[in-house]
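One letter stands for each residue in the lines below.
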Amino acid sequence: MIVSCQKEESFPRLKKALQKRGLEAVNLPVITTKMVELDKNLTETLKNIYSYNYIIITSAAGVESFNNLLLNVFPEINKDNLNIISVGKKTSELLKNKGFKISIDNPGKTAADLADYLINSGLIQGKKILQAKGDIASPIIKERLENVCNFTQITVYQTIAIKNPDSKIISLINSNKANGFVFSSPSEFRSFLNIEKIANFATDTVIFCIGKTTAEFIKNQGFTNVHTSPEPNFEILAEYIANTFKTL
């Protein structure tokens, strides 16, 4: 049995991919996201959205919130006039579904890869760049880009821990029924560890991550049996989980 801690809307894709490989999975959502209020400063930034050469979006939650906030300011906006930089495949798919034009797709796998590419390619040198992010997003984009371009960030959503996670799944975990866990972000793992009803979560527990950033964060918390998917893709992650269990 695999326990995932994804947001509810993301889990069905992973569950289906695991079932194809004979693995059962349950989901214990531990975080949710909420769009920020549209205050004066944020409104002013969005009113000047066309002044930015590029807009960086680094998560699906960022896409949803940025799109909704933008439409509140510009109900008839022509999104074709915005140059979007996307961190990954899932983010790009959602951006396209919302009608955005993607000018630059991340050729790598992480936000760090994207930052390195933007710097080394010279595409953003001296340009005006806006990043739309969550309240606890990794600082790596800002740290690497702020000295090579005119860089601005806006927070478009908040990450909120779910107060009362599913007690049945917590009981399953406490009964040692879980063979492995899946985490998609550092905030998921942080919120999971804060669940007081979980009796014991050993540092050698089998943990799978869909990205390097999450894996590194978990390892830095002292966990030793952490496995990273070769690609940030649910099908590839499921195959990787199945193959890993064959060798454990």
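As a reminder, the structure under discussion sits directly above these lines.
The paragraphs below set out a description of the structure included in this document.

The rules behind each value
- Residues numbered from 1 in each chain as written.
- Predicted model: local features only at pLDDT ≥ 70, side-chain atom pairs only at ≥ 80, totals over all residues.
- Heavy atoms only, no water.
- Helix = DSSP H or I, 4+ residues; strand = E, 2+ residues; numbered from the N terminus.
- Rg over C-alpha atoms; globule rule 2.2 N^0.38 Å.
- Buried < 20%, exposed > 50% of the residue type's maximum accessible area, 1.4 Å probe, protein only.
- Contact = heavy atoms within 4.5 Å.
- Areas by Shrake-Rupley, 256 points an atom, 1.4 Å probe, with all protein chains shown as cover.
- Lys, Arg positive; Asp, Glu negative; His and termini not counted.
- Charge placed at Lys NZ, Arg CZ, Asp CG, Glu CD.
- Pairing = 2+ DSSP bridges.
- Axes fitted to C-alpha atoms, helices over the stretch in contact; angles between N-to-C directions.
- Polar contact = N/O pair within 3.5 Å; in protein donor to acceptor, adjacent residues only side chain to side chain.
- Core = buried A, V, L, I, M, F, W, Y, C linked by side-chain atoms within 4.5 Å.

Some words on the overall build of the chain
In terms of regular secondary structure, the chain is built from 10 helices and 11 strands. Its C-alpha radius of gyration of 19 Å places the chain within 12% of the 18 Å reference for a compact globule of 248 residues. The buried share of the chain, taken over its 248 residues, is 46%. Residue pairs at least 24 apart in sequence account for 62% of intrachain contacts in the chain once pairs closer than 6 positions are excluded. By element, 46% of the accessible surface of the chain is carried by carbon and sulfur atoms, the whole surface being about 12,500 Å². In the chain, which carries 29 positive and 24 negative side-chain charges, the distance between the mean positions of the two groups comes to 2 Å.

Remarks on the sheet that holds strand 1 (residues 2-4)
If you trace the 5 strands from one edge of the open sheet to the other, you get 2-1-9-10-11, paired in parallel fashion. Each edge of the open sheet carries a strand with a single partner, namely strand 2 (25-27) and strand 11 (226-228). This sheet shows a mean twist of 25 degrees between the axes of neighbouring strands, independent of strand direction. Both strand 1 and strand 2 contribute to a ladder of 3 bridges, which runs parallel. Along strand 2, the bridge assignment pairs V3 with V26. Across the face of the sheet, helix 1 (residues 11-19) comes into contact with strand 1, strand 2 and strand 9 (180-183) while running at roughly 170 degrees to strand 2. Of the strands in this sheet, strand 9, strand 10 (207-209) and strand 11 are in contact with helix 9 (residues 212-220), which crosses strand 11 at around 170 degrees.

A word on the side chain of H227
Structurally, H227 can be placed in strand 11. A polar contact is formed between the side chain of H227 and the side chain of N225, at a distance of 2.8 Å.

Quick look at the nonpolar core
If you look at the biggest cluster of nonpolar residues, it comprises 25 residues, and the most contacted ones within it are L46, I49, I55, I57, F66, L70 and L82. Of all elements in the fold, only helix 2 (40-47), strand 4 (54-57), helix 3 (60-73), helix 4 (89-97), strand 7 (128-134) and strand 8 (150-161) reach the threshold of two or more residues within this core. Among the elements that make up this core, the one with the highest residue count is helix 3 (6 residues). Aside from chain neighbours lying at most four places away, what touches L46 is L38, F66, L69, L70, V73, F74 and I154. Core analysis: the next-biggest nonpolar cluster, separate from the first, contains 23 residues, I170, F181, F189 and I207 among them.

Quick look at the sheet that holds strand 6 (residues 102-105)
An order of 3-8-7-4-5-6 is seen for the 6 strands of this open sheet, with the pairing classed as mixed. A strand with exactly one partner marks an edge of an open sheet, and here the two such strands are strand 3 (31-35) and strand 6. The mean inter-strand angle of the sheet, taken between neighbouring strand axes irrespective of direction, is 30 degrees. Of the strand pairs in this sheet, strand 3 and strand 8 are connected by 5 bridges, and their pairing is antiparallel. Paired with T33 across the two strands is T159, which belongs to strand 8.

Focus: the pairing of strand 4
Successive side chains on a regular strand alternate, one facing one side of the sheet and the next facing the other. Residues Y54 and I56 line one face of strand 4 and the alternating positions I55 and I57 line the opposite face, and both faces are buried. Where strand 4 meets strand 7, 4 bridges bridge the pair, whose relative direction is parallel. Across the sheet, the residue bridging to I55 is L130, located in strand 7. Pairing between strand 4 and strand 5 (residues 84-86): 3 bridges, direction parallel.

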